[in-house]
Amino acid sequence: MATEHSRVISRNQVRIDCRALRHNFRCIAESVGNGVEVMAMVKGDAYGHGMAETATVLAGCGCRNFGVAELVEAVALRRAGIDGRIFVLLGFLPDEADQFVHHDLTPVVFLDQDIRALSRAAEDCGREIGVHLKVDCGMGRLGLLPVDVPSFVQRIDELPGIHLAGIMAHLPEADQRQATSTPLIFSRFQELVARLDSDFRGIRHIANSGATLYCPEMHCDMVRAGISLYGCYPDGGKGDEVAASARLQPVMSFATRVAQVKDLPAGSGISYGHTYITTRPTRIAVLPLGYEDGYLRDLSNRAEVLIHGRRAPVRGRICMNLCMVDITGIDGVEVGDEAILLGRQGDEEITADEIAGWMGTISYEVLCLFGKNNSRIYTDETL
Ligand SMILES: *Cc1c(COP(=O)(O)O)cnc(C)c1O
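The written sequence of each chain sets the order in which its residues are numbered from 1. In keeping with the predicted nature of the model, local features appear solely for residues at pLDDT of at least 70, side-chain atom pairs appear and are counted solely at 80 or more, and the whole-chain, interface and lining totals rest on all residues. Each side-chain value is derived from all of the structure's non-hydrogen atoms; neither hydrogens nor water enter the calculation.

Caption draft 1: Broad picture of the overall build of the protein chain. What counts as a helix is a DSSP run of H or I of at least four residues, what counts as a strand is a run of E of at least two, and both are numbered from the N terminus. For the protein chain, the helix and strand inventory stands at eleven helices and 20 strands. Along the first, second and third principal axes, the C-alpha set of the protein chain runs to 80 × 55 × 40 Å. Each residue is placed in one exposure class: buried if its accessible area under a 1.4 Å probe, protein chains only, is under 20% of its type's maximum, exposed if it is over 50%, and partly exposed if it falls in between. Out of the 383 residues belonging to the protein chain, those deemed buried represent 51%. When contacts within the protein chain are restricted to residue pairs at least 6 apart in sequence, those whose partners lie at least 24 apart make up 65%. We score Asp and Glu as negative and Lys and Arg as positive, and we do not count His or the chain ends. Where a charge lies is defined by one atom per residue type: Lys uses NZ, Arg uses CZ, Asp uses CG and Glu uses CD. Once the 38 positive and 50 negative side-chain charges of the protein chain are each reduced to a mean point, those two points are 4 Å apart. Contacts are residue-level and defined by heavy atoms, with any inter-residue pair within 4.5 Å sufficient.

Caption draft 2: Quick peek at the nonpolar core. Among the nonpolar cores identified, the biggest contains 124 residues, and L133, Y295 and F370 are the most heavily contacted of them. The leading source of residues in this core is helix α1 (residues 18-32), at six residues. Domain segmentation is taken from an automatic or database assignment of domains. Among the domains, domain 1 (17-242) and domain 2 (252-350) are the pair contributing at least three residues each to this core. Counting residues in each nonpolar core, the second largest holds five residues, with I270, Y276, V286 and M324 among its members. What we call a nonpolar core is a set of buried Ala, Val, Leu, Ile, Met, Phe, Trp, Tyr and Cys residues that are connected through their side-chain atoms within 4.5 Å.

Caption draft 3: Quick peek at the site of the ligand. A molecule or strand has a residue near it when one of that residue's heavy atoms lies within 4 Å. Taken together, 13 residues lie around the ligand, and K43, Y47, S209, I227 and Y364 are the ones closest in. K43 has a polar side-chain atom sitting 2.6 Å from an oxygen atom of the ligand. Whenever two N or O atoms come within 3.5 Å, that pair is a polar contact, provided that in protein one can donate a hydrogen and the other can accept it, and provided that, for residues adjacent in sequence, both atoms are side-chain atoms. Between the ligand and the protein, one listed contact pairs an oxygen atom with a backbone N or O atom of G226 at 2.9 Å. When the ligand sits alone it has 390 Å² of accessible area, and the protein chains cover 92% of it. Asp, Glu, Lys and Arg are counted as charged, while Ala, Val, Leu, Ile, Met, Phe, Trp, Tyr, Cys and Pro are counted as nonpolar; the rest, among them Gly, fall into the polar class. Considered class by class, the residues forming the shell around the ligand number six nonpolar, four polar and three charged. Note on areas: Shrake-Rupley with a 1.4 Å probe; residue coverage comes only from the protein chains shown.

Caption draft 4: Expanded view of the sheet that holds strand β3 (residues 65-68). Strands pair, by our definition, only if DSSP identifies at least two bridges between them. Judged by pairing direction, the barrel is parallel, and its eight strands sit side by side in the order β2-β3-β4-β5-β6-β7-β8-β9 before closing back on the first. In this sheet, neighbouring strand axes are inclined to one another by 30° on average, regardless of whether the strands run parallel or antiparallel. Note: strand β2 (residues 37-41) against strand β9 (residues 222-225), four bridges, orientation parallel. For E37, the partnering residue across the bridge sits in β9 and is M222. Axes here mean lines fitted to C-alpha atoms, for a helix over just the part in contact, with angles spanning 0 to 180 degrees between N-to-C directions. Its contacts with the sheet put α1 on β2 and β9, and the angle it makes with β2 is roughly 145°. Taken strand by strand, helix α6 (residues 112-125) contacts β5 (106-109), β6 (129-134) and β7 (162-168), and its axis lies near 155° from that of β5.

Caption draft 5: Just the packing of helix α10 (residues 352-359) against helix α11 (residues 363-372), in detail. Where α10 meets α11, the closest approach of the two axes is 8 Å, and the angle between their N-to-C directions is 100°. If you check the angle between α10 and α11, you find them roughly perpendicular. Only S363, V366, L367, L369 and F370 of α11 make contact with α10, whose side of the interface consists of A352, D353, I355, A356 and M359. Within the contact of α10 with α11, the residues separate by chemical class into eight nonpolar, one polar and one charged. Any angle from 65 to 115 degrees is called roughly perpendicular, while one under 35 is roughly parallel, one over 145 is roughly antiparallel, and all others are oblique.

Caption draft 6: Layout of the packing of aromatic side chains. To pair, rings of Phe, Tyr and Trp, with the six-membered ring standing in for Trp, must have centres within 6.5 Å; the planes then decide the type, stacked if under 30 degrees apart, edge-to-face if over 60, and tilted in the middle. All told, the structure shown has five aromatic pairs when counted by the stated rule. With centroids separated by 4.7 Å and ring planes inclined at 55°, the aromatic side chains of F92 and F100 adopt a geometry described as tilted. Looking at F92, the relative accessible area reads 10%, which means it is buried. You can call F100 buried: its relative accessible area is 1%. Through a chain of ring-to-ring contacts, three or more aromatic side chains come together here, namely Y47, Y230 and Y364.

Caption draft 7: Structural detail: the packing of α1 against helix α3 (residues 51-60). Remark: α1 packs on α3, axes separated minimally by 10 Å, with the N-to-C direction vectors making an angle of 55°. Considering the angle they form, α1 stands oblique to α3. Remark: the crossing between α1 and α3 carries right-handed chirality. Listed contacts from α3 to C18, L21, R22 and F25 of α1 are T54, V57 and L58. The sense of a crossing depends on the near helix, which, turned anticlockwise from the far helix by less than a right angle, makes the crossing left-handed and, turned clockwise, makes it right-handed.

Caption draft 8: View of the pairing of strand β14 (residues 282-287). Counted residue by residue, β14 has five buried out of six residues, so it is predominantly covered. Looking at chain direction, strand β11 (residues 260-264) and β14 are connected through five bridges and run antiparallel. Paired with V261 across the two strands is A285, which belongs to β14. The sheet contact formed by β14 and strand β17 (residues 323-326) spans four bridges and is antiparallel. In the strand pairing of β17, I284 is matched with D326.

Caption draft 9: A look at the environment of T379. Within the secondary structure layout, T379 lies in the segment after β20 (375-378). Take T379: its relative accessible area is 38%, and that puts it in the partly exposed class. Between the C-alpha atom of T379 and that of I16, which follows or precedes it by 363 residues, the distance is 6.0 Å. When residues no more than four places from it in sequence are discounted, the contact partners of T379 are R15, I16, D17 and C18.

Function-wise, these values are silent; they only describe arrangement.
The following block contains the structure:
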């Protein structure tokens with residue numbers, strides 16, 4: 001039994017490299033240059049990296065803007081001591097408007113009820129609140145259509161207690177360098193901004209990581225960096241000459257420890273359904289993790305892990321809490337040895353993009369899955 005003072009932790013651990021996180025932020029900030037701000041997208045629990053911890057590290061290296069989906073996240077960031085600008089991107093309920101005033105948050109607006117409720121809340125407190133307008137210039141998602149913008153902006157101007165502090169749009173294909181929608185949507189956005197009242201003093205922002213890295217002409221006054229902060233390229237690449245100014249480093253890794261080693265003869269079925277049958281005498285390492293830990297069943301018979309710096313393929317179905325890997329030919333593996341599911345060991349590396357390829361998804365989803373389903377440790381002294 002554990003003594004009172006010993007801390008018992010899972011063998012499955014997501015590690016967050018705070019040094020890499022700071023490196024990535026600095027790379028991005030340097031590549032956009034002075035005069036362009038960086039909004040760190042920390043929605044989705046900072047893509048699985050831990051929202052408050054990530055924001056704290058970034059605030060420590062000069063980040064002043066943070067983006068979240070919902071009000072509840074923004075309030076949690078304030079409670080964690082983040083004092084930069086916090087943008088709530090996905091709207092709110094009218095009776096929550098006073099929270100924006102109370103916590104000094106920046107609402108992204110796109111509904112009439114948003115600006116009316118914010119105006120009332122600001123007036124009640126005798127305060128003024130700056131809002132950012134979300135426009136759908138062709139993303140086909142959240143936001144006001146361009147045709148409705150002039151009258152909406154006029155209503156903002158007429159309402160007491162609020163003013164237009166910024167205007168933003170989003171790009172659907174900025175991760176694909178050849179996409180024709182990107183320049184088209186950007187030019188619509190620019191036209192819209194040009195038609196705004198000449199006394200518009202707010203900021204403009206449209207670039208996600210894709211446009212930040214690949215379309216410098218779209219940086220405007222601020223970029224909204226998500227996946228690049230976490231060390232992945234939005235197109236799944238490793239970064240080429242276009243992105244050479246920003247050599248990103250992966251922030252998350254995921255490790256477990258070998259629970260058992262066994263030798264099986266040829267013809268042995270492995271795991272539920274016996275979807276893998278050994279074709280030769282095979283040494284198997286059993287790992288104590290499975291789909292409950294975000295190591296999804298889709299990875300059965302597809303993924304590889306690193307043990308002793310070598311690649312070991314997953315054999316058979318991944319269970320809720322177990323999976324099996326083939327370590328035939330990797331000498332000396334013992335119970336308790338580290339296995340890397342995501343990250344580097346020796347000269348080998350398994351990237352979030354490689355795992356995403358095995359799962360038929362994108363790195364974003366892999367990071368969210370692993371980060372949200374496991375205990376995280378932060379490998380840096382600054383936390
Ligand atoms: C998530 C998000 C981003 C960041 O996208 P990345 O591709 O991760 O950089 C930027 N803008 C908006 C509106 C978002 O929702």
